[in-house]
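Structural characterization, general
Residues per chain, in single letters:
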Amino acid sequence: MKKKYYFLSIILLNLFLVGCDTNDATFYKDVFITAPNLVRIETSPIGYNVNDKIYINCYIGRLLNVPNQNNLLDVRKSTGYAEKFSFSYLLEKKINATDWEIIDVNPTAIDVTSGSIFGGIFYYASAHFYPSSDGYEFRAGLPLTSSGEYRISFGYNSSSGQTIELRSESVNNNLFLNINTTEVNGNLDADGFYYFTVL
């Protein structure tokens, strides 16, 4: 009789373990798409000087053209009307021949014209939905307070190189839409950095 319960318990345990979903993307209702050219580094054709600002902007239209799809994706409806999409980036300054230091800008010095941003060891940017433009918008300028060589990257939370990862801030049981995008002007090198000099 003990053997019978032993085998029955092993079978039930196996059924339980096989039935568990270990895929986090399914558990969190993550959906991944690719849509190019949603983030732009506003580069200066004349270069940068001390006290200039370097702007990053993002625009995600409510109706998004997704490659290899016949219909436009209603981003707002798909996410349960998420109020924003977020992404992160870094600003670093070269301190010697091989090392870079993270630049943490005073939040009051950041020029935010749309969306929101939080600083720290990286910048957490959020593109908010604006009914007037029927899309999600972010635009903020970081002040360049000293001369030197700088770089920006979008890979703080990932190792995605040239891909910039946008994630909806969905609530309740709505799906999270993850958009892999690129920088509009192709300014990122193969490792995902945009290099520039401040005079």
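Residues numbered from 1 in each chain as written. Predicted model: local features only at pLDDT ≥ 70, side-chain atom pairs only at ≥ 80, totals over all residues. Heavy atoms only, no water.

Attention shifts here to the overall build of the protein. Helix and strand content of the protein: three helices and 15 strands. When each of the 199 residues of the protein is scored for burial, the buried share is 37%. Taking the contacts inside the protein whose residues are at least 6 apart along the sequence as the reference set, 70% of them involve residues at least 24 apart. Carbon together with sulfur atoms contributes 54% to the accessible area of the protein, which is approximately 11600 Å² in total. (Helix = DSSP H or I, 4+ residues; strand = E, 2+ residues; numbered from the N terminus. Buried < 20%, exposed > 50% of the residue type's maximum accessible area, 1.4 Å probe, protein only. Contact = heavy atoms within 4.5 Å. Areas by Shrake-Rupley, 256 points an atom, 1.4 Å probe, with all protein chains shown as cover.)

A few words now on the side chain of Asn57. Topologically, Asn57 is positioned in strand E3 (residues 53–61). Judged by its relative accessible area of 13%, Asn57 is buried. Within the structure, Asn57 has its side chain in polar contact with the side chain of Glu42 (distance 2.7 Å). (Polar contact = N/O pair within 3.5 Å; in protein donor to acceptor, adjacent residues only side chain to side chain.)

Turning our attention to the pattern of salt bridges. Under the counting rule described, the total for this entry stands at seven salt bridges. Where Glu169 meets Lys84, a salt bridge forms, and the shortest distance between an N and an O atom there is 3.9 Å. Note that Glu169 is positioned in the loop between strand E13 (164–168) and strand E14 (176–181) and Lys84 in strand E6 (residues 84–94), a separation of 85 residues in sequence. A residue is classified by how much of its surface remains accessible, and Lys84, at 24% relative accessible area, is partly exposed. (Salt bridge = Lys/Arg side-chain N within 4 Å of Asp/Glu carboxyl O.)

Right, let's get into the environment of Val184. By the secondary structure assignment, Val184 is in the loop between E14 and strand E15 (193–198). Here Val184 falls in the partly exposed class, since its relative accessible area comes to 34%. Not counting chain neighbours up to four residues away, the residues in contact with Val184 comprise Asn37, Leu38, Val39 and Arg40.

Scanning the entire structure with this criterion turns up twelve aromatic pairs. Between Phe85 and Tyr136, the ring centres sit 4.9 Å apart and the planes meet at 80°, which makes this aromatic pair edge-to-face. With Phe85 in strand E6 and Tyr136 in strand E11 (residues 135–143), the pair connects residues that are 51 residues apart, well separated along the chain. Like Tyr136, Phe85 is buried. Plain terms: the ring middles of Tyr89 and Tyr123 are 5.7 Å apart, the flat faces sit at 35° to each other, and that makes the pair tilted. Highlighted residues: Tyr89 in strand E6 and Tyr123 in strand E10 (residues 123–130), separated in sequence by 34 residues. Neither residue differs from the other here; Tyr89 and Tyr123 are each classed as buried. Members of the aromatic cluster, each reached through a chain of ring pairs, are Phe87, Tyr89, Tyr123, Phe138 and Phe154. The lysine or arginine in question, Arg139, covers the ring of Tyr55, its NZ or CZ lying 4.0 Å from the ring centre. Taking the ring centre of Phe193 as reference, the NZ or CZ of Arg151 above it sits at 4.0 Å. (Phe/Tyr/Trp six-rings, centres within 6.5 Å; stacked < 30°, edge-to-face > 60°. Lys NZ or Arg CZ within 6 Å of the ring centre and 35° of its normal.)

Turning next to unusual backbone geometry. Residues other than glycine seldom take positive phi values, yet Asp134 does so here, at roughly 55°. Note that Asp134 resides in the loop between E10 and E11. Even without being glycine, Asn172 reaches a positive phi, approximately 60°.

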